Amino acid sequence: RPVVRFDGVDDVLEIPNAPSLQPMEGSWTVIVAARRTGRGQGDFPQIIGSRPWVAGLDKGWAVSLSETGLLTSHFADDASGHDVPAVTSATTLGDALEIWQIEENRPAGRTNFYKRADLDRSLATAMPAAPVDQSPPVHLGREMGGANNRRAQIDLAEVLVYNRVLSEVERITATSYLAERYGLSFTLNAAPSVTLTSPTGAATVAAGDALVIEATAADGDGSVQRVEFFDGGELVATATQPPYRATVRPLTPG
């Protein structure tokens, strides 16, 4: 099946910019079907992006590779946001064609990496406060400016860009399409189960007193990385090992 091959030396593909290729004040999602054929040049060779690459938080977005092949994401407005060194996937892009989704969820303040629709890593990240609205062309294979020596050595089969967060159904649909198109297996991941076991219904605690919260969790076709406890929409505790338990001190009656 055909791919665009970047040799990691002097290849770059430049495409015209457009409003739909900029996050503006919203979120951002990039899906790539690609494989890494070598290290390439520089510390973070770029797969695709629209940023000058002259400062840590310069305005723009980019999906790059670390020197070891981890996917990384840049999302900033010149003053706030995050750069590639601190925001990476948990596993690498290897030498076999793979489908990856990189999601910048601005309202949630999280960057998510999905490998073939399964969550590979989720990170709480600083998000840009102002619009991200680069006007220069989008570059594949290297950055727009800077040292001009970060060049990716990859085979790139397809790139999908969305200026929003995809729903779970959309993520699965896109992954299914790409998997079928490029002859990759795809099995839908079953959702995990979780049950709050403590406190029980109608339990009471005095405001300010310690309250133990506990849950059981399981994932039949995977593993549980963590259990998060919320008070309404506010995250109040996280447990990473069973028994999934934490102690909080509710301060507000009700």
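So, here's what we can say about the structure.

Parameters and conventions
Residues numbered from 1 in each chain as written. Predicted model: local features only at pLDDT ≥ 70, side-chain atom pairs only at ≥ 80, totals over all residues. Heavy atoms only, no water. Phe/Tyr/Trp six-rings, centres within 6.5 Å; stacked < 30°, edge-to-face > 60°. Helix = DSSP H or I, 4+ residues; strand = E, 2+ residues; numbered from the N terminus. Buried < 20%, exposed > 50% of the residue type's maximum accessible area, 1.4 Å probe, protein only. Lys NZ or Arg CZ within 6 Å of the ring centre and 35° of its normal. Pairing = 2+ DSSP bridges.

### Some points on the packing of aromatic side chains
The relation between two aromatic rings is expressed through the spacing of the ring centres and the mutual angle of the planes. Tallied over the entire structure, the rule returns one aromatic pair. Between W28 and W61 the ring centres are 4.8 Å apart and the planes differ by 55°, which places this aromatic pair in the tilted class. Taken as a pair, W28 in strand β3 (residues 28-36) and W61 in strand β5 (residues 60-65) lie far apart in primary sequence, 33 residues in all. Classification of W28 as buried rests on a relative accessible area of 3%. Here R51 stacks its cationic end above the ring of W53, 4.1 Å away from the centre of that ring. Across from the ring centre of Y114, 4.0 Å away, lies the NZ or CZ of R171, which sits over that ring.

### Looking at the pairing of β5
Counting buried positions over the six residues of β5 gives six, a clear majority of the element. Burial of β5 is two-sided: the residues G60, A62 and S64 facing one way and the residues W61, V63 and L65 facing the other way are all buried. As paired strands, strand β4 (residues 46-50) and β5 are joined by four bridges and run antiparallel to one another. Across the sheet, residue Q46 finds its bridge partner in β5, namely S64. Taken together, β5 and the strand that follows it, strand β6 (residues 70-76), pair antiparallel across an intervening segment of four residues, in which G69 is found at a positive phi of about 100°.

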